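Spelled out from the first residue to the last, the chains are:
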Amino acid sequence: MIVILKQNTENARIEMLINKIEKMGLSCHYSAGAHTTILGIIGDTSTVDINLLRANEIVEDVKRVSEPYKAVNRKFQPEDTIVRIPGSEGKEVCIGGDFFCVIAGPCSVESEEQIVSIAKDVKKSGATLLRGGAFKPRTSPYAFQGLHSQGLELLLTAKQETGLPIVSEIMDLSHLDLFRDVDVIQVGARNMQNFSMLKALGHCGKPVLLKRGLANTIEEFLMSAEYIMAGGNSQVILCERGIRTFETFTRNTLDISAVPVLNHLSHLPVMVDPSHAAGLPWLINPLSKASVAAGADGLMIEVHNNPSAALSDGAQSLTPAQFNSTMDVIKSQVLFEGKQI
Ligand code: PEP
Ligand code: MN
């Protein structure tokens, strides 16, 4: 249920109303935008008397929200959420609204030389965050599983060298302590419905990059984001990374329509990972361009300094030189869309 408040209402009166709602065992999501102030009521609202609420002097209107996701719903917050990540030299990296961001780096962190050299290259080309997996969710138990805590330490070395904030995937809640210096915690496609993990990340105090599951609907995706927001963490970034279909030419099928749909349904930033969607480096340019044109707030692209020797996902990784020309394509499309990069 959303309560639209009259303009220029004093804060004290808003607080009184919030207290009243909370005394009914419900919680309140407060959103003050440039033009409207909205109280989103979460919980069992079946006992709330809409007419009584409408009769309150500071209330403009009351509407029921039929979707099961509330805090992530654009009806609860019409303005875009902008996730802000502290960057180097006191500058922030912003994702959402008019700010476009590119996360780049290898699938897996493999060595200091590898991650530092890729970090320097992607930074030069205009990436604003560095990715690198330290815990890898591999289909085969015999495949490279990541360097674990050592991988996270090497990412921090690359951060010190370049100033790029870092993004890495968590696979097990028991590792949460190891992620204390990671700037953005990634939840991989295979963990999108790991509800105990989502609940814990609701209190982790860090931005979370939530990837869409391989075979999950948009509604299920938003419900997973709701789990994180329900814990009090509003810094959630959605990432479309391709879904399973009958098509086998590409690794997955990039659901490009998910981008405008998510932007329509939710205020959260929406990123696209064309690398895992396509599985093929030559598709990164057209899919990146399409993602920006569809309204994405950012892209996550795998880059490796020696793709043929990569320990994971070399076949889909761009070389630093390829990434540099992809960035030219991305930048001109982003400027055409009127966003900042
Ligand atoms: C990744 O980003 O390295 C990854 C494993 O992606 P996904 O969870 O989308 O498969
Ligand atoms: Mn990968």
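## With respect to the overall build of the chain
Phase 1: Across its full length, the chain carries 10 helices and 14 strands.
Phase 2: Reported as C-alpha extents along the three principal axes, the dimensions of the chain are approximately 70 × 45 × 45 Å.
Phase 3: Among the 341 residues that make up the chain, the fraction classed as buried is 52%.
Phase 4: In the chain, 68% of the contacts between residues at least 6 apart in sequence involve partners at least 24 apart.
Phase 5: Looking at charge distribution, the chain has the averaged site of its 31 positive side-chain charges lying 1 Å from that of its 37 negative ones.

## Side note on the domain arrangement of the chain
Phase 1: Partitioning the chain into domains gives domain 1 (2-63) and domain 2 (83-336).
Phase 2: Between domain 1 and domain 2, the C-alpha centre-to-centre distance is 36 Å.

## A closer look at helix 9 (residues 284-294)
Phase 1: Taken residue by residue, helix 9 has Ile-284, Ser-288, Ser-291 and Val-292 as its buried positions. Down the axis of helix 9, the buried set is contained in an arc of 95°. They therefore lie on one face.
Phase 2: Looking at the packing, one finds that the buried side of helix 9 touches helix 7 (258-265), strand 13 (270-272), helix 8 (274-278), strand 14 (298-302) and helix 10 (320-336).
Phase 3: Where helix 9 ends, the next residue or the one after it, Gly-295, has phi of about 110°, a positive value.

## Focus on the pattern of salt bridges
Phase 1: Across all of its chains, the model carries 14 salt bridges by this definition.
Phase 2: Put simply, Asp-61 and Arg-54 hold a salt bridge, and the shortest N to O gap is 3.4 Å.
Phase 3: Judged by its relative accessible area of 25%, Asp-61 falls in the partly exposed class.
Phase 4: Note on Arg-54: relative accessible area 39%, which makes it partly exposed.

## Digging into the nonpolar core
Phase 1: Ranked by size, the top nonpolar core spans 60 residues in total, and within it Val-122, Leu-130, Leu-210, Leu-238, Phe-323 and Ile-330 carry the most contacts.
Phase 2: Among the elements that line this core, the one with the most residues is helix 6 (residues 218-230), at 6 residues.
Phase 3: With residues near it in sequence (within four places) discarded, Val-122 still touches Ala-104, Ala-127, Leu-130, Leu-164, Val-303 and Phe-323.
Phase 4: Residues Leu-5, Ile-50, Ile-58 and Val-62 belong to the second largest nonpolar core, which totals 17 residues.

## Focus on the layout of surface pockets
Phase 1: Approximately 420 Å³ is the volume attributed to the largest pocket.
Phase 2: If you go around the largest pocket, you meet 22 residues; those closest to its centre are Lys-91, Glu-92, Val-93, Ala-127 and Thr-128.
Phase 3: Put simply, the parts of the chain that give the lining of the largest pocket at least two residues each are strand 6 (92-95) and strand 7 (101-105).
Phase 4: Its residues assigned to classes, the lining of the largest pocket comprises 10 nonpolar, 7 polar and 5 charged.

## Focus on the site of ligand 1
Phase 1: Neighbouring ligand 1 are 13 residues, the closest being Arg-131, Lys-136, Ala-189, Arg-190 and Arg-241.
Phase 2: In this structure, an oxygen atom belonging to ligand 1 sits 2.9 Å away from a side-chain N or O atom of Gln-186.
Phase 3: Within the contact set of ligand 1, an oxygen atom lies 2.7 Å away from a backbone nitrogen or oxygen of Ala-189.
Phase 4: In the complex, 97% of the free accessible area of ligand 1, which totals 290 Å², lies under the protein chains.
Phase 5: Grouping the amino acids of the shell around ligand 1 by side-chain chemistry returns 3 nonpolar, 3 polar and 7 charged.

## Quick word on the sheet that holds strand 4 (residues 59-63)
Phase 1: Pairing is antiparallel across the open sheet formed by 4 strands, whose spatial order is 2-3-1-4. On the outer flanks of this sheet lie strand 2 (27-32) and strand 4, each paired with one strand and no other. Along the sheet, successive strands turn relative to each other by an average axial angle of 20°, direction set aside.
Phase 2: Strand direction decides the pairing type here: strand 1 (residues 2-5) and strand 3 (residues 37-42), joined by 4 bridges, are antiparallel. Residue pairing in the sheet places Ile-2 in a bridge with Gly-40 of strand 3.
Phase 3: With respect to the sheet, helix 1 (residues 11-23) is in contact with strand 1, strand 2, strand 3 and strand 4, its orientation differing from that of strand 2 by roughly 155°.

## Details of the packing of helix 3 (residues 112-125) against helix 10
Phase 1: Where helix 3 contacts helix 10, the axes come no closer than 9 Å and their chain directions differ by 25°. One element, helix 3, and the other, helix 10, form an angle in the roughly parallel class. Between helix 3 and helix 10 the crossing geometry is right-handed. Mapping the contact onto sequence places Asp-121, Val-122 and Ser-125 in helix 3 and Pro-320, Phe-323, Asn-324, Met-327 and Lys-331 in helix 10.
Phase 2: For the contact of helix 3 with helix 10, the class distribution of residues is 4 nonpolar, 2 polar and 2 charged.

## Considerations on the packing of aromatic side chains
Phase 1: Enumeration over the complete set of coordinates arrives at 3 aromatic pairs.
Phase 2: Judged by centre distance (6.4 Å) and plane angle (75°), the rings of Phe-249 and Trp-282 are edge-to-face. In this pair, Phe-249 sits in the loop between strand 12 (236-240) and helix 7 while Trp-282 sits in the loop between helix 8 and helix 9, placing the two residues 33 residues apart along the sequence. Just as Phe-249 is exposed, Trp-282 falls in that class too.

Definitions and cut-offs
Residues numbered from 1 in each chain as written. Chains lettered and ligands numbered in written order. Predicted model: local features only at pLDDT ≥ 70, side-chain atom pairs only at ≥ 80, totals over all residues. Heavy atoms only, no water. Helix = DSSP H or I, 4+ residues; strand = E, 2+ residues; numbered from the N terminus. Buried < 20%, exposed > 50% of the residue type's maximum accessible area, 1.4 Å probe, protein only. Contact = heavy atoms within 4.5 Å. Lys, Arg positive; Asp, Glu negative; His and termini not counted. Charge placed at Lys NZ, Arg CZ, Asp CG, Glu CD. Domains from an automatic or database assignment. Arc of directions from axis to C-beta. Salt bridge = Lys/Arg side-chain N within 4 Å of Asp/Glu carboxyl O. Core = buried A, V, L, I, M, F, W, Y, C linked by side-chain atoms within 4.5 Å. 1 Å grid on protein atoms, 1.4 Å probe; cavity = no way out; pocket = protein on both sides within 12 Å on 5 of 7 lines; lining within 4 Å. Points joined across faces, edges and corners; volume = space filled by probe spheres on them. Nonpolar A, V, L, I, M, F, W, Y, C, P; charged D, E, K, R; others polar. Near = heavy atom within 4 Å. Polar contact = N/O pair within 3.5 Å; in protein donor to acceptor, adjacent residues only side chain to side chain. Areas by Shrake-Rupley, 256 points an atom, 1.4 Å probe, with all protein chains shown as cover. Pairing = 2+ DSSP bridges. Axes fitted to C-alpha atoms, helices over the stretch in contact; angles between N-to-C directions. Parallel < 35°, antiparallel > 145°, perpendicular 65-115°, else oblique. Left-handed = near helix turned anticlockwise from the far one by under 90°. Phe/Tyr/Trp six-rings, centres within 6.5 Å; stacked < 30°, edge-to-face > 60°.

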